[in-house]
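Notes for the structure review
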Amino acid sequence: MLTLSVSLHHYLILAAVLFGIGLFGVLTKRNAVAVLICIELMLNAININLLAFNKYITPNDFIGQIFSIFVITVAAAEVGVGLAIVIAIYRNKLSVNLDEFDWLKW
Amino acid sequence: MIPDLSLIVPELAMAVLGLMVLIFGLIIPRGSRHGLGWFAALALLGVTGLVLAGWNNGGNLYGNLYVVDQFSQFFKITFLLAAFLVVLGSMRYVDRHLGGQSEYYSILIFATLGMMVMSSANDFMTMYLGLELMTISFIILVCFRRLEAKSLESGMKYVLLAGMSSAVLLYGLSLVYGITGTVVISEVGKILAMRAPLPLLMLGVVMLVAGLGFKISAVPFHMWSPDIYEGAPTPITAFLAVGSKAASFAILIRIFVVGMFGISLNWELLLAILAAVTIIVGNLVAIPQTNIKRLLAYSSIAQAGYILVGLVTASQDGVKGVLFYAFLYVFATVGAFTVASHFYNVTGSDEIKDYAGLAQRSPLMAAVMVVAMLSMAGIPPLAGFVGKFYLFMTIVENYLWLAFIGLIMSMVSVYYYLRVALVMYRNDPLDSTPIAVSAPVTVTLVVAMAVTLFLGIYPGPVAEVVNNAAHSFFMH
């Protein structure tokens, strides 16, 4: 019978893949909101990493769990500011496409 | 056990001050808010006094998560003085271009608080919180001119790129945590010193360098800084160039010199190459710039390269050089940017060609600009020379090639700095009306120039202080 066991490596690979997808999205997406979502993806990959390390490396204290709660909180604040800027810039330009933000040299 | 809160009195005072300024701004009628800038400036001086009063009162808090040593206190004084000078220099700008909004001062104070937390943080969580408090405050400040497209656009770029770089940094931190099983930086140092480096750890180190390289705008992670420096309100550009960079250097030193000391052979060369590329690209790209803020942005990239040199050897002398350079860099940069910001207030232009004949229109502004720029170039009687001397002294033994690159590129930098001086002193002004300099701006300019000259001629006392601070850093 096939036994399925999940080890630390599985979590790490999942996190690395998620992080890679997020990073790829940040570098290629042209829509500001999509880029913000990709940053969230990267941060969630980090949370998986932290929780997996917490479970397998330091099972007796909660360092990784506490850390990931901080990451979630700060990410929310950052997205809040980011979306506020998106709205302000949309009022100005009626667009959230990064290719159209060309007053400054990119 | 109740923690010894006396150690974090300055931080508590800053938090209270930030909230106070925010509330005062709401209850004071719009017409009489001008005094708020003075209040914030004087209060910042008061907090500097608190840090100075606790200079010998070191120790750590919360089970070694938060360290107060002379290293962190020196950085705190640097940030507070920078914030003080920026607030003084920006009052007129706030009234004219930001609609006299009092939130400006409050957010600036919170950004400073974030930097102070960063300089004292001894674990990844505290460090990350301080970093994000600073970054999010800066994002708001960068797009503070919310009706102006340029300011908003640079804010958008900053929020996306800062988010990405924080994520890369965090991924590196999570790997280091996974390998060592702790987030306390001094514990990480002890564990790594006993163990052969794993490939996974190297991946983590590279990600830390990339994430922090973005924050200090080291090449090749510098692409954001000229755009954001140009689009942000000029006083904020000054604070971004000085404070955010110095604070990122504080955590860079703490992570690498304390946490990664045991594996220093593996990252020394990486940082040396990063420093060399940063110095070369920063100085060369500065040459064709025509906008004063972009020129200063590229020059500040080059300065970051010089400061990185101090980290390469991970020694006490290197840390001393970094502290000294960070301190003098505050005054030179704030001086130069305050001139640019005041010039913009009066003429509405940031182009170098419009600086023609500034020496006739306002001798003080022209003189401060020249002194600040020559100090950044490292011309002998000025502070920049002494700072570069301390930095490059540490690497002549093992990294002579890096010292050569630094010296040659310093000479290149004299060219583009002197071009600005030439425009100001030789060319005739198109409009020869004198530029009036208001009292707070005069104070900022005179302080910046006086300190830059004084540190160049008589660096002894400050060198002594940074020596002790660097020593205290290696004590624990």
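Reading the values: the criteria
Residues numbered from 1 in each chain as written. Chains lettered and ligands numbered in written order. Predicted model: local features only at pLDDT ≥ 70, side-chain atom pairs only at ≥ 80, totals over all residues. Heavy atoms only, no water. Helix = DSSP H or I, 4+ residues; strand = E, 2+ residues; numbered from the N terminus. Contact = heavy atoms within 4.5 Å. Buried < 20%, exposed > 50% of the residue type's maximum accessible area, 1.4 Å probe, protein only. Areas by Shrake-Rupley, 256 points an atom, 1.4 Å probe, with all protein chains shown as cover. Lys, Arg positive; Asp, Glu negative; His and termini not counted. Charge placed at Lys NZ, Arg CZ, Asp CG, Glu CD. Buried area = accessible area lost by both parts, 1.4 Å probe. Salt bridge = Lys/Arg side-chain N within 4 Å of Asp/Glu carboxyl O. Polar contact = N/O pair within 3.5 Å; in protein donor to acceptor, adjacent residues only side chain to side chain. Nonpolar A, V, L, I, M, F, W, Y, C, P; charged D, E, K, R; others polar. Axes fitted to C-alpha atoms, helices over the stretch in contact; angles between N-to-C directions. Parallel < 35°, antiparallel > 145°, perpendicular 65-115°, else oblique. Left-handed = near helix turned anticlockwise from the far one by under 90°. Core = buried A, V, L, I, M, F, W, Y, C linked by side-chain atoms within 4.5 Å. Expected span 1.5 Å × (residues − 1). Bend = angle between axes of the 7 residues up to and from the residue. Patch = residues over 30% accessible without salt bridge, like charges linked within 9 Å, V, L, I, M, F, W, Y side chains within 5 Å. pLDDT = per-residue confidence, 0-100. Phe/Tyr/Trp six-rings, centres within 6.5 Å; stacked < 30°, edge-to-face > 60°. Lys NZ or Arg CZ within 6 Å of the ring centre and 35° of its normal.

The number of helices and strands found in chain A is 3 helices and 0 strands. Along its sequence from the N terminus, chain A presents helices and strands in the succession α-α-α. Within chain A, residue pairs in contact and separated by at least 24 positions form 53% of the contacts whose partners lie at least 6 positions apart.

With that settled, consider the overall build of chain B. Helix and strand counts for chain B come out as 19 helices and 2 strands. Over its C-alpha atoms, taken along the principal directions, chain B stretches across nearly 70 × 55 × 40 Å. Burial status across chain B gives 67% buried among its 476 residues. Contacts spanning at least 24 positions in sequence make up 81% of the contacts within chain B whose residues lie at least 6 apart. Working note: accessible area of chain B is about 15,400 Å², and carbon and sulfur atoms make up 70% of it. Charged side chains in chain B number 22 positive and 21 negative. The centres of these two groups are separated by 6 Å.

On to the interface of chain B and chain A, then. With 41 residues of chain B at the contact, the number on the chain A side is 43 residues. Buried area between chain B and chain A, both sides added, is near 3,800 Å², and the carbon and sulfur share of it is 80%. Taken together, chain B and chain A are joined by 0 salt bridges. One can count 4 residue pairs in polar contact (both at pLDDT 80 or more) joining chain B with chain A. Every element with two or more residues in the side of chain B that touches chain A is listed here: helix H5 (124-142), helix H6 (149-180) and helix H9 (224-231) of chain B. With 22 residues, H6 of chain B is the single largest residue contributor to the side of chain B that touches chain A. Looking at the side of chain B that touches chain A residue by residue, the class counts come to 25 nonpolar, 8 polar and 8 charged.

Residue and element names in this part refer to chain B. Contact pair H6 / helix H8 (residues 199-215): the axes reach a minimum separation of 8 Å and the direction vectors enclose 150 degrees. With respect to H8, the element H6 is oriented roughly antiparallel. Our pair here, H6 against H8, has a crossing hand that is left-handed. Across from Leu 161, Ala 162, Ser 165, Ser 166, Val 168, Leu 169, Tyr 171, Gly 172, Leu 173, Leu 175, Val 176 and Ile 179 in H6, the residues of H8 making contact are Leu 200, Leu 201, Leu 203, Gly 204, Met 207, Leu 208, Ala 210, Gly 211, Leu 212, Phe 214 and Lys 215. When its residues are assigned to classes, the contact of H6 with H8 shows 17 nonpolar, 5 polar and 1 charged.

All names here are of chain B. With respect to the element layout, Ser 165 can be found in helix H6. A relative accessible area of 4% places Ser 165 in the buried class. Here the side chain of Ser 165 touches Ala 162 through a polar contact of 3.1 Å, landing on its backbone oxygen. Once residues lying within four places of it in the same chain are set aside, the contact partners of Ser 165 are Gly 211, Phe 214 and Lys 215.

Residues and elements named next belong to chain B. As for its position among the elements, Ala 383 is in helix H16 (residues 383-393). On the basis of relative accessible area, Ala 383 is assigned to the buried category, the value being 1%. Residues Ala 383 and Asn 57 lie 326 residues apart in sequence; the distance between their C-alpha atoms is 29 Å. Those residues in contact with Ala 383 that sit more than four places away from it in its chain are Phe 324, Leu 328, Ser 375, Thr 452, Leu 455 and Gly 456.

Time to look at unusual backbone geometry. All names here are of chain B. The residue after Val 219, namely Pro 220, is reached through a cis peptide bond having omega 5 degrees. Tracing the backbone shows Pro 220 in the loop between H8 and H9. Despite not being glycine, Ser 217 shows a phi value in the positive range, around 50 degrees. Along the chain, the position of Ser 217 falls in the loop between H8 and H9.

Phe 67 of chain A together with Phe 256, Met 260 and Ile 292 of chain B are the most contacted members of the largest nonpolar core, which totals 228 residues. In terms of residue count, the dominant contributor to this core is helix H13 (residues 316-347) of chain B (19 residues). Not counting residues within four places of it along the chain, the set of residues in contact with Met 260 of chain B comprises Val 176, Leu 192, Val 205, Leu 208, Ile 255 and Trp 267 of chain B.

Moving on: the pattern of salt bridges. Residues and elements named next belong to chain B. Under the criterion given, the structure shown has 8 salt bridges over all chains. For Glu 187, the salt bridge is made with Lys 190, and the minimal N-O distance between the two is 4.0 Å. In this pair, Glu 187 and Lys 190 are both assigned in helix H7 (residues 185-193), 3 residues apart and thus about one turn of the helix distant. Using a relative accessible area of 33% as the deciding quantity, one classes Glu 187 as partly exposed. Taking the relative accessible area as the measure of exposure, Lys 190 reaches 54% and is therefore exposed.

This part is about helix H10 (residues 234-259) of chain B. Residues and elements named next belong to chain B. With 26 residues, H10 should reach 38 Å at 1.5 Å per residue; the first-to-last C-alpha distance of 36 Å fits that figure. Considering bend angle alone, the principal kink of H10 is centred on Leu 240 and spans about 30 degrees. Judged by how many residues are buried, H10 sits mostly within the fold: 26 of 26 residues are covered.

Residues and elements named next belong to chain B. A grouping of Phe 385, Phe 389, Met 393, Val 396, Leu 400, Phe 404 and Ile 408 is seen on the molecular surface, where their side chains present a nonpolar patch of about 670 Å² in accessible area. Mapped onto the nonpolar patch, the elements with two or more residues apiece are H16 and helix H17 (400-425). Along the chain, Phe 404 turns up in helix H17.

Residues at a pLDDT of 70 or more form 99% of chain B, whose mean pLDDT is 86. Reported confidence for the predicted complex is 0.90 by ipTM and 0.91 by pTM.

This brings us to the packing of aromatic side chains. Residues and elements named next belong to chain B. If you walk through the whole model with that rule in mind, you get 24 aromatic pairs over all chains. Judged by centre distance (5.8 Å) and plane angle (85 degrees), the rings of Tyr 104 and Phe 144 are edge-to-face. With Tyr 104 in helix H4 (residues 103-120) and Phe 144 in the loop between H5 and H6, this pair connects stretches of sequence that are 40 residues apart. Phe 144 carries the same exposure label as Tyr 104, and that label is buried. An aromatic cluster of three or more residues is present, and its members are Tyr 158, Phe 214, Trp 224 and Tyr 229. Stacked on the ring of Tyr 390, the Lys or Arg Lys 320 has its end atom at 4.3 Å from the ring centre. The ring of Tyr 306 carries Lys 388 above its face, with NZ or CZ at 4.1 Å from the centroid.

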